[in-house]
Each structure stands twice: as C-alpha cells, then as structure tokens.
Number of protein chains: 2
Amino acid sequence: MELSTLVEDGQPGWTRRVFSDAYKQSRALVKTMMQVAGLAVTLDPAGNLIGKLGGGDPELPPLVVGSHSDTVSAGGRFDGMVGVVAAVEVARILAGHGGALRHPLWIVDFLGEEPNQFGISCLGSRAVTGHLTAEHLALRDETGASLGDALRTSGCRPDELASTRWPDGSLHAYLELHIEQGARLERAGRQIGVVTCIAGISRASIDIEGRADHAGTTPMDLRRDALQGAAELVLGTEVIGRVQEADEDGVATAGRLLVEPNSTNVVPARALLNVELRSVFETWLRNRSTDLETLAGRVASSRSLAVTVQWVSQGDPVPCDPRLRRILSQSAARVGTVPLELPSGASHDAAHIARIAPIAMLFIPSRDGRSHCPEEWSDPWEVTLGAKALLQAVLDVDGAAL
Amino acid sequence: MELSTLVEDGQPGWTRRVFSDAYKQSRALVKTMMQVAGLAVTLDPAGNLIGKLGGGDPELPPLVVGSHSDTVSAGGRFDGMVGVVAAVEVARILAGHGGALRHPLWIVDFLGEEPNQFGISCLGSRAVTGHLTAEHLALRDETGASLGDALRTSGCRPDELASTRWPDGSLHAYLELHIEQGARLERAGRQIGVVTCIAGISRASIDIEGRADHAGTTPMDLRRDALQGAAELVLGTEVIGRVQEADEDGVATAGRLLVEPNSTNVVPARALLNVELRSVFETWLRNRSTDLETLAGRVASSRSLAVTVQWVSQGDPVPCDPRLRRILSQSAARVGTVPLELPSGASHDAAHIARIAPIAMLFIPSRDGRSHCPEEWSDPWEVTLGAKALLQAVLDVDGAAL
C-alpha cells in the first residue's frame, strides 16, 4: 500500500511505468525496504535492484526470488509488487534468523517487466539472461528516443550489459510469487496456485501507411485511409484469438493503437497497431502468427496501404521445472493450503530466467480475475498466505538437491 | 511562406493549431501585416483579429473579407492562409488609393477555424454570429481543461462574447478566398472557382466504454473490449460514407481515435472516436446521422459496451448568395479567367457568417486535390490570380446594391 502511493501525476488508476519519476521513487523505497531487511543492495547495469543475503555455504549458487514493481498504464497495486514485497519479507525473516539457508539468497526487483513505449517487456530479466540485444536498445518510441537512451537517462548502464549476465546454471533455482490475474483460483476456492507452464507471447508492431487527405473534399473511393485498415486488423485479431485448433487455444489482443494525424477532418495517414498472441501451445502461436501476417497482406492489397508486420518479441511457452513444482506443492500444503496446479496466461520475469535456471511460480487469487486495471485486488490475508507459502518454498528449495 | 515558418516544435508537416505558441506568433505577424497595409487593427473578445479600413460613406455597413491562419495537425501552408494574406494585400492596395471603396472594409483573421482538441471548429466565426455557446465553452479536452479556460489563457475574453456579436444584416457582404482542397478546378483546367454551396457537416464524438482486463488471462468470450467496438464503428463509418440515396451523396470519415489505457497487454477499457459526415444534401446528412446512431446501438448491445453518441456540431449545407455568385463570376471573368461553379466539400468560416449576411467564396486550385497534409500546394501565380480576382470582387461587390 505504501508503494501504491507512488504513482504518475495525472495518470489514471495506479500508474507507475518503467521510465517515470514515480518508478524511480518506488525503487528508492524498495531499496530502503531491502536494506532494513538486512540485505546488501546493488543496482546492476541493467537496472535490476538486487538485495543479497549470505548463505551457510558461500560456494553454493544463489537461490533467487524476484518479481517487478512497475505497472501498466492505469494498472493495479498487486501485479509484481506482491512478489517483490513478499520476497523482501521472506529475506527479512531469514536474515533475522542469521544464516538459516545453505544457499545465498538474492531478492530481485527486475527492471520494467511490463511492456513499455518501445514495445518490449521484461527489460531486466532479458538483460541478465543475455537477451536484451543491441537491436532492442535501438528500438524507438513515438518521440524518436531509443530504449538505450531511456535506460541511460534513468541511471542504467546499457553499454555494460554483458557484465550483468547470469551464466547458464549459475543459480540454484528461481522462484516467483505473483497474483494469478485470472479467476481459476477464485472459482476453485483455492488460495495457492502452483504454475505448470507460462504462456508464450508473440507481439507484433503493425505499421499501416495510407495518405492524409481532406475529409471533406476527398471522395470515398479515392481514399487510402490508414485507420480503416487498422480497424480491419483489430477485428481480425479478435477472430484469430477465437480460433481453436486440435484442442489448442489462446488469446489475441489489439491493445494499442496510435493514429496520425488524428484529426477529425483529416483522412488518417498512418496507424500504429500493437497486437499480441498468447498461448501455452506452440503450434497455436505459430499458426496464429501466420494468420495475422496473411490478414495484414490482404488489408494492404485491398486498400492500397503499406502494411508492415514486425515481430518485436516471440516467446515460446515456458514449462516450470517439474521437481520445483513438486516441492512447491508440498510447501503450499505445509502452510495449510490445498494448492491448485494451473497454467499462467500472463508472462513473467520467470519465463526469461528459465533460459538459465530451473524456475517455479506460486500464485495467489485475483478478485474476479481482474488485473491490469485499477480494480485489481487480492485480500491482505491472501497476500500474507502467499508470503508464508513463499517462505516455506524458499526453505524447502534451499534444502533440495536440484 | 513567411507565415509557414511559424510551426509547432516537434510536430509533423506545417502544424500551427489554435492554442499553440506558433499560432500566437503567426497572429502577431498577421497583425503587423495588417498595420503595414494601413489598417486599424483590433482583437475582439473572441480572438478574431480585425483590420479596418474606412469607406467613402461611414454610414454604410462594412464589406468583410476573411479566412483563418491556423492549421490542422500535419497540415499545409495554404488552407486559410491564402485567404488571409490575399485579403490583407487587397486592403493594402485599396488603402494606397485612399478611400476607393464606398463601404468600410474589414479584413478578418478568424480564431481557430480548424477542429481543435475540444472537438469543434470555427471558434471565431461562431462567436461573432452568436453561436459559440456556454455549452461549447464547457467542452473539455483529454487533460480536463475547458475550451473557456483555453480561450482565457490565450488572451481571449470568453465572458464578453455577447459584446462581440455581429447583428443580423449588419454587414454589406462577406467574401472569402480559399484553396479548393479538391481536384475539380485542376481537372477542368480552370483557375478560379465560384462556390455554389458549402457542404453541411455533422460531427459526432463517440464514447465507447468497456472494461480493462489482462490481455493474457482474460478469455476472449469474457472481454468487453472497447477498441473492438470502435473498430466496428470505424468500418461502419466507411460503409455509411458510401451510401448513395436518390442521387444524393456525401462522405463520412472516422478521423480521430484515442484508446485507453492503450497498452499492448491490456484489453482496451475505453475508446473515443470522432466521426464526421459531410454533404451538400440535407436529407443525406440526416439519414446518415441516424445510420450512425443505429450502428452505435448495435455495437453496444452485441458487445456489452456503453456507447454514447454526442453530436458536437450539426451544420446544414449553406448555399452561397445567388446575387454575389453572379457578381463574383463576372469579377473572375474581368481578371481574365473562366470561372467554374462548384460546391465546397470543406466547410469554412463563411458558412457561419451566412447566418447574418450574404456570403460568397472564390476558390483557387489545389495540386492533386491534396489538402490537410504537408503536400498541400497552389502555385504562386495561382495565388496571385486568386488575389486579383478577390480585389476585383471587392470592388464589384462594394459597388453593388445587395
């Protein structure tokens, strides 16, 4: 709740986006929380805030627990924050018991997990796994600024990204507590979820170029209206999202659209549309990406528009580590819950860390399944129970040979 | 060309919108031009810049010649400016000949003719005809500021609008020179157009409210996606614009769309769409407005969205004064051109002044019919010929009993 007071001025809901002043303030608060908890805090070149607690055996690789503290525009107070705050609390308790763990414990607040104005997400977790590339850094927002510039301005050191890399196998395990953001736990009357698989996400940035003309003097049949083309792609995205194929399904969303010049009396010259596809099924994702490209080609030729589809990210579904899943189910049972195994429709920093370490995730319920909106809510006792399950999981995973 | 150097920083094309600093600078330049031409310059409470030249008979009502110097976003250098600059030049020549006219001559640069962030156009010409209402002044932009506030901030006195009113019948005539913004003159190989009728415009602001949800965890069939509803309305607008009914036609444009929260991974909660219908046929306009409302209702019920259609302006087609049309055709012939009679698909300040005075308009060609875009162009000799025809028209209308 203290974190949630740090929001961007004049923005709806609980907005704290990655390059905002509010985000800078929130991270100063997280840093203080980590220090008060007894952790040694560093900010890596990628902007990840890391609090470290020594383990009983300094030779062992660290056990890492993380999440993020940024939000989407008009977002909520729980997505990401629950995982950061609970992880710091777990570390605080363990620090108070002086070396209760064998492994060093790292608590990580990853930089900018939500998609930003450059069209990509998970900046921090991409960076530590070596997947924040020079191409990403060259991505530009509407104002023409590059992601690299934005990182530098906000105190990161993008030129030193190579040094921040976590090598393959260098972690004992990665755990993340998060809100479900769906309604499966609530409907099942369960308090703790253990994630089986994180959905893959393919994100496309679609640039539709037509021609600006006077809206009063240009006959309908002489127009090359970019917004008309975008509207066809928006409706087509919904059709694509409803496709079921061989029992496999997913979702498709046209979430972001910018129109130029966006004047009532000018035929739109250009539209920039962001579309994402999500599924735990690789084949579904691949086939729907093809569907979207086919549709874009059809819209371009039928309307004399220039339409380009750029895939800004294409992440495969990520299964959680089967041994960790078993351990986390037992941990959840030990704190008195009956865990539910469920997939994650949302992606998480964990999906990136899976490239270099075994990962697992715990979910707590989201009221009405609402998320990425001001109404996002989990009851305080649900958050507390999640933190208890996370503490138990850290203890159990620390003791396990993986 | 000097006016066109005053554009908004960081905006595309030749952008000089009504409440921008660039607009303030441009009006200081127009004021200087008027003063150099020998006119007595005043700024009325509605922000209209008026340059006055005394006539031979001070008892006679003024002959008014006007246009505007603001642009749409990413607009051009001729729409509006040609009419202002040519009118000032006409006045300069007449002032140099000391009292060549019987009537006082007023040259007017009307405030903000183009649609602005408050969704209305023709601020200045509405005001002098008593049609800038308290309701208009209360309209708000995205930031929550009202039009009244914006006017006050930019040096106007909206509380004194009543005193700026031009009574019915208080003008001898109103003339306006403008670029055609279409391609009829060019196709016909003519240099001067005499306008028969100005298209009526109905502008709707459509507010579509759905529900923000997480784009990864909300199944397709549980969504209330505002952008999907907006896309149906965008495509429906095009269908409506193509309707021909009893030989009557028009155009329909969805030119402006704002999406909230406009994030790649959030199901859109809200969309604000601006649609306009234009036609020189009243029945067509009325029937298509009904079509749009019917469509909005269908989209609302089929998608569980709240859709409200607000008509922010509904202007009937405005015929030009038949006597003035005849005089202007003769004036155009006197300067050596063969004028073309044609309707105006675009609206103009003249359409508002028609409420209180006889009006007429002269057009010059627009290359390729392009307008409201950076490519907007009329050759210097075409502008010069337009100014000559305007001077002749002013002399001829001054001498006529209307």
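The numbering scheme is per chain: residues are counted from 1 as the chain's sequence reads. Whichever chain is written first is A, and whichever ligand is written first is 1; the rest continue in order. Under the rules for a predicted model, residues below a pLDDT of 70 receive no local features and side-chain atom pairs below 80 are neither given nor counted, while totals for whole chains, interfaces and linings still include all residues. Side-chain figures throughout are based on the complete set of non-hydrogen atoms in the structure, without hydrogens or water.

Side note on the state of the cysteines
All names here are of chain A.
Argument step 1. Two cysteine sulfur atoms form a disulfide, by the criterion used here, when they sit within 2.5 Å. A complete count under the given rule lists 0 disulfides over all chains for this structure.
Argument step 2. Here cysteine 197 stays free of any disulfide, with the sulfur of cysteine 320 as its closest cysteine sulfur at 7.2 Å.
Argument step 3. Of all cysteine sulfurs, the one in cysteine 122 lies closest to cysteine 373, which takes part in no disulfide; the gap is 19 Å.
Argument step 4. Judged by relative accessible area, cysteine 373 falls into the buried class, the value being 0%. For every residue, the accessible area obtained with a 1.4 Å probe (protein chains only) is divided by the maximum for its type, and the residue is called buried under 20%, exposed over 50%, and partly exposed between those limits.

Section: the domain arrangement of chain A
Frequently, the measure chosen for interface size is the accessible area that the parts lose on association.
All names here are of chain A.
Argument step 1. Domain start and end points were adopted from an automatic or database domain assignment. Segmentation of chain A into domains returns domain 1 (3-199 + 317-398) and domain 2 (200-314).
Argument step 2. If you average the C-alpha positions of domain 1 and of domain 2, the two centres end up 32 Å apart.
Argument step 3. Pairs of residues are marked as contacts when any of their non-hydrogen atoms sit within 4.5 Å. Taken together, the 17 residues of domain 1 in the interface contact 13 residues of domain 2.
Argument step 4. Summed over both sides, the interface of domain 1 with domain 2 buries roughly 1,000 Å², with 59% coming from carbon and sulfur.
Argument step 5. The three residues of domain 1 that bury the most area against domain 2 are Glu142, Ala199 and Pro317, which together make up 42% of that side's buried surface.
Argument step 6. Counted as salt bridges are all cases of a side-chain nitrogen of Lys or Arg within 4 Å of a carboxyl oxygen of Asp or Glu. Across the contact surface, domain 1 and domain 2 share 1 salt bridge.
Argument step 7. Here glutamate 142 and arginine 256 are joined by a salt bridge, their closest N and O atoms 2.8 Å apart.
Argument step 8. As used in this structure description, the phrase polar contact means that two N or O atoms lie within 3.5 Å; if the pair is within protein, one of them must be able to donate a hydrogen and the other to accept it, and residues adjacent in sequence are counted only when both atoms belong to side chains. Our enumeration of links across domain 1 and domain 2 arrives at 4 residue pairs in polar contact (both at pLDDT 80 or more).
Argument step 9. Helix and strand assignments come from DSSP, with helices taken as H or I runs of at least 4 residues and strands as E runs of at least 2, each series counted from the N terminus. Those elements giving two or more residues to the side of domain 1 that touches domain 2 turn out to be strand 6 (193-198) and strand 14 (340-344). Here's the idea: put two parts together, see how much 1.4 Å probe accessible area each one loses, and the total over both is what we call buried area.

Observations regarding the side chain of aspartate 207 of chain A
Residues and elements named next belong to chain A.
Argument step 1. Mapped onto the elements, aspartate 207 comes out in strand 7 (residues 200-209).
Argument step 2. A distance of 2.7 Å separates the side chain of aspartate 207 from the side chain of arginine 270, its partner in a polar contact.
Argument step 3. Excluding residues within four positions of it along the chain, aspartate 207 makes contact with Arg270, Ala271, Leu272, Ala306, Val307 and Thr308.

A word on the relation of the copies chain B and chain A
Both copies of the chain are related through a single rotation about an axis accompanied by a shift along the same axis.
Argument step 1. Least-squares superposition aligns the copies on the C-alpha atoms of those residues with pLDDT at or above 70 in both. Between chain B and chain A, which share one sequence, the superposing operator has a rotation angle of 180 degrees and an axial displacement of 0.0 Å; the RMSD is 0.1 Å. Both copies are brought into coincidence by an operation consistent with a two-fold rotation axis. Residues of chain B ranked by C-alpha distance from the rotation axis are headed by alanine 231 of chain B, positioned 2.2 Å from it.
Argument step 2. Taken as a fraction of all interface residues of chain B, those also at the interface in chain A reach 100%, which identifies the copy contact as same-surface.

Re the packing of aromatic side chains
Two measures describe an aromatic ring pair: the distance that separates the ring centres and the angle between the ring planes.
Argument step 1. Pairs were defined over the aromatic rings of Phe, Tyr and Trp, the Trp ring being its six-membered one, requiring ring centres within 6.5 Å. Orientation was assigned from the angle between planes: stacked under 30 degrees, edge-to-face over 60, tilted for the rest. Scanning all chains against the criterion turns up 10 aromatic pairs over all chains.
Argument step 2. Summarising the aromatic geometry, the rings of phenylalanine 110 of chain A and tryptophan 166 of chain A are spaced 6.0 Å apart at their centres and angled 55 degrees between planes, so their arrangement reads as tilted. Taken together, the positions of phenylalanine 110 of chain A in strand 4 (residues 105-110) and tryptophan 166 of chain A in the loop between helix 5 (147-153) and strand 5 (173-179) put the pair 56 residues apart, joining distant regions of the chain.
Argument step 3. Between phenylalanine 19 of chain B and phenylalanine 118 of chain B, the aromatic rings sit 6.0 Å apart at their centres with planes inclined by 85 degrees, giving edge-to-face as the arrangement. Separated by 99 residues along the polypeptide, phenylalanine 19 of chain B in the segment before helix 1 (21-36) and phenylalanine 118 of chain B in the loop between strand 4 (105-110) and helix 3 (123-128) bring together distant segments of the chain.

Section: the pairing of strand 9 (residues 251-260) of chain B
Residues and elements named next belong to chain B.
Argument step 1. Burial runs high along strand 9: 8 of the 10 residues are buried.
Argument step 2. For two strands to be treated as a pair, DSSP must find at least two bridges joining them. Looking at chain direction, strand 9 and strand 11 (residues 270-279) are connected through 9 bridges and run antiparallel. The residue of strand 11 that forms the bridge with threonine 253 is glutamate 276.

Thoughts on the sheet that holds strand 9 of chain B
Strands in a sheet are paired, the pairing made by backbone hydrogen bonds, and the direction either parallel or antiparallel.
All names here are of chain B.
Argument step 1. The sheet built from 4 strands is open, its strands ordered 9-11-7-12 with antiparallel pairing. The outermost strands of the open sheet, each flanked by one partner alone, are strand 9 and strand 12 (306-315). Taken over all neighbouring pairs, the strand axes of this sheet differ in orientation by 15 degrees on average, direction set aside.
Argument step 2. As paired elements, strand 7 (residues 200-209) and strand 12 share 9 bridges and run antiparallel to each other. The partner of serine 202 across the bridge, within strand 12, is glutamine 314.
Argument step 3. To obtain an axis, a line is fitted to C-alpha atoms, over the contacting stretch when the element is a helix, and the angle between two such axes runs from 0 to 180 degrees between their N-to-C directions. Against the sheet, helix 8 (residues 226-241) contacts strand 7, strand 9, strand 11 and strand 12, and its axis sits at roughly 170 degrees relative to strand 9.

Quick notes on the nonpolar core
Argument step 1. Side-chain atoms within 4.5 Å link the members of a nonpolar core, which is a set of buried Ala, Val, Leu, Ile, Met, Phe, Trp, Tyr and Cys residues. Among the nonpolar cores identified, the biggest contains 58 residues, and Ile208 and Leu257 of chain A together with Ile208 and Leu257 of chain B are the most heavily contacted of them.
Argument step 2. If we skip the residues at most four places from it in the chain, isoleucine 208 of chain A touches Ala226, Ala230, Leu233, Ala269, Arg270, Ala271, Leu273, Leu305, Ala306 and Val307 of chain A.
Argument step 3. The next biggest cluster of nonpolar side chains, apart from the first, holds 46 residues, and it includes Leu3, Phe78, Ile192 and Val397 of chain B.

Quick look at the pattern of salt bridges
Argument step 1. Under the counting rule described, the total for this entry stands at 48 salt bridges over all chains.
Argument step 2. Here arginine 323 of chain A ties to aspartate 321 of chain A by a salt bridge, and the two come within 2.9 Å at their closest N and O atoms.
Argument step 3. Here glutamate 8 of chain B ties to arginine 17 of chain B by a salt bridge, and the two come within 2.7 Å at their closest N and O atoms.
Argument step 4. In this structure glutamate 8 of chain B comes out as buried when scored by relative accessible area, which is 13%.
Argument step 5. Look at the salt bridges and you will find they share partners, linking Arg211 and Asp213 of chain A together with Arg370 and Glu375 of chain B into a network.

A word on the interface of chain B and chain A
Argument step 1. With 60 residues of chain B at the interface, the matching set in chain A holds 60 residues.
Argument step 2. The junction of chain B with chain A conceals about 5,000 Å² of combined surface from both sides, 55% of it contributed by carbon and sulfur atoms.
Argument step 3. Considering only the side of chain B, the residues that lose the most area to chain A are His214, Met220 and Thr264 of chain B, jointly responsible for 14% of the buried surface there.
Argument step 4. Here chain B and chain A share 4 salt bridges between them.
Argument step 5. When residues of the side of chain B that touches chain A are traced back to their parent elements, those giving at least two are strand 8 (213-214), helix 8, strand 9, strand 10 (266-267) and strand 11 of chain B.
Argument step 6. Gly counts as polar in this scheme, as do all residues outside two lists: the nonpolar Ala, Val, Leu, Ile, Met, Phe, Trp, Tyr, Cys and Pro, and the charged Asp, Glu, Lys and Arg. A class-by-class count of the residues in the side of chain B that touches chain A yields 24 nonpolar, 20 polar and 16 charged.

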